[in-house]
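Structure assessment
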Amino acid sequence: MKAVTWHGRRDVRVDEVPDPRIEQPGDAVIRVTSTNICGSDLHLYEPLAAFMTPGDILGHEAMGVVEAVGDDVGDLRVGQRVVVPFQISCGACFMCHEQLYSQCETTQVRDQGTGAALFGYSKLYGQVPGGQAQYLRIPHADATHIKVPEGPADERFVYLSDVLPTAWQAVRYAAVPKGGTVVILGLGPIGDMAARVAAHEGARVIAVDLVPDRLARAAARGVEVLDLRAHRDGLGDVLRDMTAGRGPDSVIDAVGMEAHGSPVARAMVQVAARLPAAVGAPLARNAGVDQLGALRSAIDIVRRGGTISLSGVYGGMADPLPMMTLFDKQIQLRMGQANVRRWVPEILPLLTNDDPLGVDGFATHVLPLDEAPQAYEMFQRKQDGVVKVVLRP
């Protein structure tokens, strides 16, 4: 089959690789009909290169049709249409019963000290072949799937794999009070969708980015927007002026480790990414420092007693945080990988013909799988108005 494979820093290719097969009784194999490039995939494209191996199959947002099943997959059947959550969970352990599927005790990657295994996401999360391919093997398929109806196009449902649950959890964790204000930092796929979810629920939404196309896209849906380029040195003051002098009730950081405005940390990330894995991985793991521009902005911006919700990925182990400010302002922090299946029952009723979240037109680019290398480069450079790329195998 064809698959998108990692070969080095900023080097992804479409290769022919062996077809996946049933390996355990709980496995299923799907024929992938749509698969997405996620903002998190860009972390593998450069800063997390030390944890990748040439030939790794990328991708953790996929859906398709079941082609084969093992003997222990519950009621999953060949021919069913399914979306695949980005995390692999057993559905039966303590953490799964707590609906913390991203912490599944059965698939935790204990040798790396991380949570549930993820599709296509490096040694840190189990090095499981990903979904940017023509076929995908799904371990623990009984729990690691979402059945969706026939009929509507894939774009109606494919974002259940990651974008929708991650944005939904970001808004839930932000704990925006009724009629309150939430600031969203970053209008990539997650920030854009989080803005839609929060607005749908009645919050006042102010979004911050520095890419004109992304700002215009959010503004077209009625979101208040601020161009970071015009307010880089005084963003907190501008937002306090917009919110009765206090700051917003909640801030969602949808940027994460690759924030702009952190030149020293960025240099350290680039050094680690260029080193051989045997050296770069320990450096990134033990001495890694994220680019904390977005998080520091969130701490400054949020009102006293407010909540910061982190959905942007962070990976540093030596991040210097302003603990005095966090403590003095009595800020609540919530974060973590989205627990996909926890939120699906709340989201599915919105994926109707009315399409209140605008999922049908959410993708900015729909491309054949063969164009994945160009799509990665375009996404990383924020060119051509790219926000979300759907690949068709």
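First things first, this report covers the structure right here in the doc. (Residues numbered from 1 in each chain as written. Predicted model: local features only at pLDDT ≥ 70, side-chain atom pairs only at ≥ 80, totals over all residues. Heavy atoms only, no water.)

1. Observations regarding the environment of Arg204
- On the secondary structure map, Arg204 appears in strand β11 (residues 204-209).
- Residue class for Arg204 comes out partly exposed when judged on its relative accessible area of 29%.
- Through-space distance from the C-alpha of Arg204 to that of Val176 is 9.4 Å; in sequence the pair is 28 residues apart.
- Other than its neighbours up to four places away in sequence, Arg204 contacts Gly180, Thr181, Val182, Glu224, Met242 and Thr243. (Helix = DSSP H or I, 4+ residues; strand = E, 2+ residues; numbered from the N terminus. Buried < 20%, exposed > 50% of the residue type's maximum accessible area, 1.4 Å probe, protein only. Contact = heavy atoms within 4.5 Å.)

2. Here we look at the pattern of salt bridges
- For the coordinates displayed, the defined rule picks out 21 salt bridges.
- Where Glu23 meets Arg137, a salt bridge forms, and the shortest distance between an N and an O atom there is 3.6 Å. Placement of the pair is Glu23 in the loop between β2 (11-16) and β3 (28-37) and Arg137 in strand β8 (residues 135-138), with a sequence separation of 114 residues.
- Asp300 is paired through a salt bridge with Arg240; the nearest N and O atoms lie 3.5 Å apart. Here Arg240 lies in helix α7 (residues 235-242) and Asp300 lies in helix α10 (residues 293-301), a separation of 60 residues in the sequence.
- The partly exposed category is assigned to Asp300, whose relative accessible area is 36%. (Salt bridge = Lys/Arg side-chain N within 4 Å of Asp/Glu carboxyl O.)

3. Section: the sheet that holds strand β10 (residues 181-185)
- With parallel pairing, the 6 strands of this open sheet are ordered in space as β12-β11-β10-β13-β14-β15. The open sheet terminates on both sides in strands that have one partner only, identified here as β12 (224-227) and β15 (332-335). Averaged over all neighbouring strand pairs, the angle between strand axes comes to 20°, with direction disregarded.
- Bridge count for strand β13 (residues 250-253) against strand β14 (residues 307-310) is 4 bridges, and the pairing is parallel. Residue pairing for β14: Val251 is matched across the bridge by Ile308.
- Against the sheet, α7 engages β10, β11 and β12, with an angle of about 155° to β12. (Pairing = 2+ DSSP bridges. Axes fitted to C-alpha atoms, helices over the stretch in contact; angles between N-to-C directions.)

4. Side note on the packing of helix α3 (residues 163-174) against helix α12 (residues 340-347)
- Where α3 contacts α12, the axes come no closer than 9 Å and their chain directions differ by 90°. The orientation of α3 with respect to α12, classified from their angle, is roughly perpendicular. Contacts between α3 and α12 pair Leu164, Pro165, Trp168, Gln169, Arg172 and Tyr173 from the former with Val340, Trp343, Glu346 and Ile347 from the latter.
- Grouping the amino acids of the contact of α3 with α12 by side-chain chemistry returns 7 nonpolar, 1 polar and 2 charged. (Parallel < 35°, antiparallel > 145°, perpendicular 65-115°, else oblique. Nonpolar A, V, L, I, M, F, W, Y, C, P; charged D, E, K, R; others polar.)

5. A short note on the packing of aromatic side chains
- On inspection of all chains with the given rule, the structure shows 3 aromatic pairs.
- Judged by centre distance (5.3 Å) and plane angle (75°), the rings of Tyr159 and Phe362 are edge-to-face. On the criterion of sequence distance, the pair formed by Tyr159 in the loop between β9 (146-147) and α3 and Phe362 in the loop between α12 and β16 (365-368) is long-range, its members being 203 residues apart.
- We note Arg217 situated over the ring of Phe362; from NZ or CZ to the ring centre the distance is 4.9 Å.
- Note that Arg334 overlies the ring of Tyr173, its terminal NZ or CZ placed 3.8 Å from the centroid. (Phe/Tyr/Trp six-rings, centres within 6.5 Å; stacked < 30°, edge-to-face > 60°. Lys NZ or Arg CZ within 6 Å of the ring centre and 35° of its normal.)

6. Looking at α3
- Taking 1.5 Å per residue as the helical rise, α3 with its 12 residues ought to reach 16 Å, and the 16 Å between its terminal C-alpha atoms agrees with that figure.
- Within α3, 11 of the 12 residues are buried, which leaves the element mostly enclosed by the surrounding structure.
- Within the span of α3, buried status applies to Val163, Leu164, Pro165, Thr166, Ala167, Trp168, Gln169, Ala170, Val171, Tyr173 and Ala174.
- Among the residues trailing α3, Ala175 stands out with phi positive, at a value near 50°. (Expected span 1.5 Å × (residues − 1).)

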